[in-house]
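Summary of the model geometry
Spelled out, the chains give:
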Amino acid sequence: MSETAGTHLLVDCDTGIDDSLALLYAVASSECDLVAVTCTAGNVDARQVAENTRAVLELAGRPDVEVAIGRETPLARALVTTPETHGSRGIGYAELPPATKPLSPRYGPDLIVEEARRRPGELTLVTLGPLTNVALAVLREPELPRLLRGLVIMGGSYRSPGNTAPTTEWNVNVDPESAKIVFEAFGPRQVDSRASTAEPTDSTHPTRPTALGLDVTERARMLPEHLAALAARAGCAPDGTRPDGTVNPIVRYLADALRFYMEFHSRYDGFYGAFIHDPLALATALDPTLVRTEPLTVDVELGGRLTTGETVTDWRRVWGRPPNVDVAVEADSTRFMARFIERVGDLAARR
Ligand code: RIB
Ligand code: CA
């Protein structure tokens, strides 16, 4: 994938706090054409995700963006949410006016397929939550990998500890069956078991997704000083208060949502800050130079007593199967964080 003047994004999310920061970053990025957003269950239930997604887009001044809801449970197991991480409503301590724009009448997986068919080779799909909607989309349209310009996934943990079980990352853990379907469908066609293990001549396979796992997203750490710098850029205090006593709504939202998220990280990860996984993935979809990737073969464990949901990664290429994922192994988190502060700070200044 290469950055283009106008990068046309479809976003699938489970809005949660870092998802909401990714949506703000997308709106704040002039090169981003945010085509539509689909909602999946994950951090909170799908209905709450859809409410949060529309409310955040309206906060950012983009009520025009189509928001559709998808499947409300994982493909083959009960939904588990994480109120302890994102709060019972998924946006921490923040309060937002109820969304005014109605949900799209389209079903999330159908929207993904229809938009990809309508604009073949143009759209990059970015997933920020469990892969349920994408799995259903590719089951409905097997050509989806070739209809999309690219797929960027926030999910998995390829050689780092998990954040949900010892070896599993949240998005894959919620719906491992869907992740397995997606990783198999978007890799090179498995012609047969004798498929060549030779790397395709091009450096990136036309349909191989880029996956940002915890290996790189846990380097994207938002600290109080980052929020203070963003607020200063917006002309207000870190809690959103302006010199005249009024409140900047975007900074106030960030302050209240991130305070909950930073308290969580302080308890579970030993630092008062927040891994902002999803904004890094979205920023990478707009600028692939933010990460360095390696083509690897990845499969998803479904039958492990302790490891179901693990993204098992063949680092030594012992399976002899062609690579199916471009796994991000390094990220320029400094450049990303500076860009996040600049862009979202300027967006807040305009609100
Ligand atoms: O593991 C991190 C991922 O799980 C992020 O997308 C976060 O929003 C949660 O969905
Ligand atoms: Ca998410």
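Position labels on residues start from 1 in each chain and follow its written sequence. Written order decides the labels, with chains lettered from A and ligands numbered from 1. Per-residue local features are limited, in this predicted model, to residues with pLDDT of at least 70; the limit for side-chain atom pairs, both in listing and counting, is 80 or more; totals at the level of whole chains, interfaces and linings are taken over all residues. For the side-chain quantities, the full set of heavy atoms in the structure was used; hydrogens and water were omitted.

Things to note about unusual backbone geometry
- Phi angles above zero are rare outside glycine, and R317 is one such case at about 55°.
- Along the chain, R317 turns up in the loop between β11 (311-313) and β12 (325-331). Helix and strand assignments follow DSSP, with helices taken as H or I runs no shorter than four residues and strands as E runs no shorter than two, numbered in order from the N terminus.

Let's talk about the coordination of the calcium ion (ligand 2)
- The protein atoms that coordinate the calcium ion (ligand 2) are D14 (OD), D19 (OD), D19 (OD), L128 (O) and D278 (OD), at distances spanning 2.2 to 2.6 Å.
- Of note, the calcium ion (ligand 2) draws all its donor residues from one chain, in the sequence arrangement D-x4-D-x108-L-x149-D. Pair noted here: D14 is in the loop between β1 (7-13) and α1 (17-28) and L128 is in the loop between β4 (123-127) and α5 (132-140), with a separation of 114 residues, a long-range link.
- You can call L128 buried: its relative accessible area is 1%. Each metal's donors are the N, O and S atoms within 2.8 Å of it, or within 3.2 Å when it is Na, K or Ca, and because water is not part of the set, sites may look incomplete. Per-residue accessibility, obtained with a 1.4 Å probe over protein chains only, is compared with the maximum for each type, and a residue is labelled buried under 20%, exposed over 50%, and partly exposed between these values.

Some thoughts on the pairing of strand β2 (residues 32-39)
- Burial runs high along β2: 7 of the 8 residues are buried.
- In this structure, β1 lies alongside β2, joined through 7 bridges in parallel fashion. Looking at β2, one finds that H8 is bridged to D33.
- Handedness of a crossover is defined as follows: with both strands directed away from the viewer, a clockwise route from the first strand across the helix to the second makes it right-handed. Following the chain from β1 across α1 to the adjacent parallel β2, one finds a crossover that is right-handed.
- Strand direction decides the pairing type here: β2 and strand β3 (residues 66-69), joined by 4 bridges, are parallel. Bridging across to β3, A36 finds its partner in E66.
- Regarding topology, helix α2 (residues 46-59) serves as the crossover connection from β2 to the parallel β3, and that connection is right-handed. Note: two strands are recorded as paired if DSSP finds a minimum of 2 bridges between them.

Here we look at the sheet that holds β2
- Ordered by their spatial adjacency, 8 strands build an open sheet running β3-β2-β1-β4-β5-β6-β12-β9, and the pairing between neighbours is mixed. Whereas interior strands pair on both sides, the edge strands pair on one side only; in this sheet they are β3 and β9 (291-296). Within this sheet the neighbouring strands show an average axis-to-axis angle of 25°, counted without direction.
- Examined bridge by bridge, β9 and β12 share 6 bridges and lie antiparallel to one another. Within the sheet, the bridge partner assigned to R292 lies in β12 and is E330.
- Contacts are assigned to residue pairs with any non-hydrogen atoms lying within 4.5 Å of each other. The axes are straight lines fitted to the C-alpha atoms, using for helices just the contacting stretch, and the angles between their N-to-C directions are given from 0 to 180°. Docked against the sheet, α1 engages β1 and β2, running at close to 155° with respect to β2.
- Sheet strands touched by α2: β1, β2 and β3. Its angle to β3, the strand with the most contacts, is close to 175°.

Points about the environment of N163
- Counting through the fold element by element, N163 comes out in the loop between β5 (150-154) and α7 (170-174).
- For N163, a relative accessible area of 39% puts it in the partly exposed group.
- The sequence separation of N163 and Y268 amounts to 105 residues, and the corresponding C-alpha distance is 9.6 Å.
- Not counting chain neighbours up to four residues away, the residues in contact with N163 comprise T168, E169, W170, L214 and E218.
- Within the local environment of N163, its side chain forms a polar contact with the side chain of T164, the two groups lying 2.9 Å apart.
- What qualifies as a polar contact is a pair of N or O atoms within 3.5 Å, subject to a donor-acceptor requirement within protein and to the restriction that residues adjacent in sequence count only when both atoms come from side chains. Among the polar contacts made by the side chain of N163, one reaches the main-chain amide nitrogen of W170 at a distance of 3.0 Å.

None of this, on its own, says anything about what the molecule does.
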